[in-house]
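One letter stands for each residue in the lines below.
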Amino acid sequence: MSTPNTPRPGTRPANAPRVGAPRNPPAKPSQRPSGGTGQKPAAGARSGGSSGARPAGTRPTGQASRPGLVRPAPKAKARRARLLVSKVDPWSVLKMAFLLSVALGIVTVVASIVLWTTLDITGIFDRVNDLLTEIAGSEGGAFDLRAYASLGQVASFATIIAVVNVVLLTALAMLSAVLYNISATLVGGIGVTLTDD
């Protein structure tokens, strides 16, 4: 009588190797990374580390020698505004014309005094007196130009001309402003184009 563990005659055990079959070595337990996290190693570590990860903050050799490209700021377009001078204030024109005419009058007086002094220093009056004396002859006596055009007379004459110019220029400027306003109501005024550089 046979027991369950006793093999029958003509049969071989289940764990017995077959005849002619190669013997396999016993399987080794699977190895895990030392970290125990179960993550796969980096691609650079698998390939040998020649093209592995570089330290943080470093650039490749080709990019380190080339400076960064800086794009210039776009040039701003000049703005233009077309305006019409439709009205001129006569009072402002009067004040501006008065001040300019007073400045012109002062320049006229000072220029006349400086001119007379220059002619006197350079001896032009003496030469003119000699020339007029030769033309008139000795019978007419000596001719003195300073008696007719002295410094006081020249300054007084220049002052009178300056005052007349102040009155005339101020009146003409105000009249021009009034006439411009009248004509601007008819044709629309003078067009002006303003630009910022």
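Q: Tell me about the overall build of the chain, and name the residues and values.
A: A tally of helices and strands in the chain yields five helices and two strands. The N-to-C order of helical and strand elements in the chain reads α-α-β-α-α-α-β. Within the span of the chain, comprising 197 residues, buried residues form 11% of the whole. As displayed, the chain offers around 17,200 Å² of accessible surface, 63% of which is attributable to carbon and sulfur atoms.

Q: I'd like a rundown of the environment of L175, residues and numbers included.
A: By secondary structure assignment, the location of L175 is in helix α5 (residues 151-187). Sequence separation between L175 and P90 is 85 residues; the distance between their C-alpha atoms is 8.1 Å.

Q: Lay out the packing of aromatic side chains in plain terms, naming residues and giving numbers.
A: Following the criterion strictly, the structure yields one aromatic pair and no others. Between W116 and F125, the aromatic rings sit 5.4 Å apart at their centres with planes inclined by 45 degrees, giving tilted as the arrangement. As far as the burial class goes, W116 and F125 line up, both buried.

Q: An account of α5 is requested, with residue identities and associated values reported.
A: Since the α-helix packs 3.6 residues into each turn, any two residues three or four apart lie on the same face. Under the 1.5 Å per step criterion, the end-to-end length of α5 is 52 Å for 37 residues, consistent within 8% with the ideal 54 Å. Where α5 is concerned, the buried positions are A155, A158, A162, V166, T170, A173, A177, Y180, N181 and A184. Immediately downstream of α5, the backbone of G188 shows phi near 100 degrees, a positive value.

Q: Would you mind going over the packing of helix α3 (residues 90-122) against α5 in detail, with residue names and values included?
A: In the contact formed by α3 and α5, the axes pass within 8 Å of each other and the chain directions differ by 160 degrees. What the angle tells us is that α3 and α5 run roughly antiparallel. For α3 against α5, the interelement crossing comes out right-handed. Looking at the contact of α3 with α5, its residues break down into 21 nonpolar, eight polar and no charged.

Q: Break down the side chain of S101 for me, with residues and values.
A: Take S101: it is sitting in helix α3. Looking at S101, its side chain comes within polar contact range of the main-chain oxygen of F98, at 2.8 Å. Non-local contacts of S101, meaning those with residues more than four positions away in its chain, are made with N165, V166, L169 and T170.

Q: Provide a residue-level description of the environment of P90, including the pertinent values.
A: Along the chain, the position of P90 falls in helix α3. With 90 residues separating them in the primary sequence, P90 and Y180 have C-alpha atoms 9.8 Å apart. Excluding anything up to four places from it in sequence, P90 contacts M174, A177, V178 and N181.

Q: Kindly report on α3, identifying the contributing residues and their values.
A: The end-to-end C-alpha distance of α3, which contains 33 residues, comes to 47 Å, matching closely the 48 Å that a straight helix rising 1.5 Å per residue would cover. Within the span of α3, buried status applies to V93, L94, A97, S101, G105, V109, S112 and W116. Residues of α3 that are buried sit in contact with α4 (124-136) and α5. Looking one or two places after α3, you find G123, whose phi comes out positive at around 85 degrees.

Calculation rules
- Residues numbered from 1 in each chain as written.
- Predicted model: local features only at pLDDT ≥ 70, side-chain atom pairs only at ≥ 80, totals over all residues.
- Heavy atoms only, no water.
- Helix = DSSP H or I, 4+ residues; strand = E, 2+ residues; numbered from the N terminus.
- Buried < 20%, exposed > 50% of the residue type's maximum accessible area, 1.4 Å probe, protein only.
- Areas by Shrake-Rupley, 256 points an atom, 1.4 Å probe, with all protein chains shown as cover.
- Phe/Tyr/Trp six-rings, centres within 6.5 Å; stacked < 30°, edge-to-face > 60°.
- Expected span 1.5 Å × (residues − 1).
- Axes fitted to C-alpha atoms, helices over the stretch in contact; angles between N-to-C directions.
- Parallel < 35°, antiparallel > 145°, perpendicular 65-115°, else oblique.
- Left-handed = near helix turned anticlockwise from the far one by under 90°.
- Nonpolar A, V, L, I, M, F, W, Y, C, P; charged D, E, K, R; others polar.
- Polar contact = N/O pair within 3.5 Å; in protein donor to acceptor, adjacent residues only side chain to side chain.
- Contact = heavy atoms within 4.5 Å.

What is shown is where atoms sit, not what they do.
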